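Take a look at the letters that make up each chain.
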Amino acid sequence: MKLELLDFIELENYPSGSVIEFYDDNIYIVGDDSRNLLVMNKKWSKPTLINLFDTAEKKTPKTAKSELETMTLLSIDKKLHLLIVGSGASDKKNKALLLNLKTKAKTWLDLSVFYNRIKATGIPELNIEGIAEVYDYLVLVNRGNAANPANHLIITKSDFWKNQEKATLQTIVIDFEAGAAASNIGITGLTYSDKHEDLFITIVTEEKPDANGHTKIGKSYLGVIENLYRKIGREKGKLKINQLIDLPAADKQFKGYEIETVCIQSEKDHSLKLQLVGNNKTGKTFLFKIWLGW
């Protein structure tokens, strides 16, 4: 695969964006420390904010945070929604928000039952950092860490929250045999291409603190799992990454940034335009636009 960086920007006045999605020439960005969803066009102009909490009946404190980690587009009763989910890392993050993109109506969901089922499969610590719709499935990713290094895909139905006790649930370990530069690797986000049937994942290495307790910025990668839909239900235990791109090696602009996640802007037969959101541990939000071809 060939990668070309098309554009880069630092977003002013929107801190710690960690989630990105694209629809109808607009990008949607949110971070777990924010209380608003940022909406901009694909050229990163004309920004607007959607408050994730307040309704006509209820106001929330200005200090409230979304505690939401990742999102995907879903069609519910033929109406397009954003499903924005929490990481499950604590009880207050066992939640999700359904946002109707037309009416801006908000529905909060408690995912505790489903998240506890995931833990019962043998995943001791939840840190859900990615979600994508794959036809009639939802694919989530649980990020590994130094104590629990395995990264898992979690596969369920696209309406799992309606019956959390009985919704289908499959967990698969991601195999990094394709070769990354460090053993401590965390998947930070994902998106799915219907056209190419490939899952694109963002990956960051976990660096050890130095003698002063400071942690260096990890190296970021873009990975591809090919033909994912055909593998659901067939693969047992592990799923290999077919391609792995070292982002700083592909373009020096990526050096010093940890990529949080990725979304697809457009697709052609042999290429895609992707948008990625990243940080450099200063609390600021950075966007990258790339062309990926083969």
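Heads up: the structure comes first, above all this text.
Residues numbered from 1 in each chain as written. Predicted model: local features only at pLDDT ≥ 70, side-chain atom pairs only at ≥ 80, totals over all residues. Heavy atoms only, no water.

K.L.:
For this particular structure, what's the right way to read the packing of aromatic side chains?
P.N.:
As enumerated under the stated definition, the model contains 12 aromatic pairs in all. Judged by centre distance (4.6 Å) and plane angle (55°), the rings of Y135 and Y229 are tilted. You can see Y135 sitting in the loop between β10 (128-134) and β11 (137-142) and its partner Y229 sitting in helix α2 (residues 228-231), a full 94 residues away along the chain. Note on F254 and F288: the rings are 4.6 Å apart at their centroids and 15° apart in plane angle, and the pair reads as stacked. Taken together, the positions of F254 in the loop between α3 (247-250) and β19 (258-268) and F288 in strand β21 (residues 285-293) put the pair 34 residues apart, joining distant regions of the chain. An identical accessibility class is assigned to F254 and F288; each is buried. Each residue in the set F8, F254, Y257, F286 and F288 is aromatic and connected to the rest through ring pairs, giving one cluster. Above the plane of the ring of W44 lies K289, whose end atom (NZ or CZ) is 5.2 Å from the centre. (Phe/Tyr/Trp six-rings, centres within 6.5 Å; stacked < 30°, edge-to-face > 60°. Helix = DSSP H or I, 4+ residues; strand = E, 2+ residues; numbered from the N terminus. Buried < 20%, exposed > 50% of the residue type's maximum accessible area, 1.4 Å probe, protein only. Lys NZ or Arg CZ within 6 Å of the ring centre and 35° of its normal.)

K.L.:
Hey, could you run me through the sheet that holds strand β1 (residues 2-11) in this one?
P.N.:
The strands making up a sheet associate through hydrogen bonds between their backbones, and the pairing can be parallel or antiparallel. Here we have 4 strands laid out as an open sheet, ordered β1-β21-β20-β19, and antiparallel in their pairing. Of all strands in the sheet, those bounded by a partner on one side alone are β1 and β19. The sheet shows a mean angle of 20° between the axes of neighbouring strands, taken without regard to direction. Pairing of β1 with β21 involves 9 bridges; the strand directions are antiparallel. Counterpart to L3 in the pairing with β21 is L292. (Pairing = 2+ DSSP bridges. Axes fitted to C-alpha atoms, helices over the stretch in contact; angles between N-to-C directions.)

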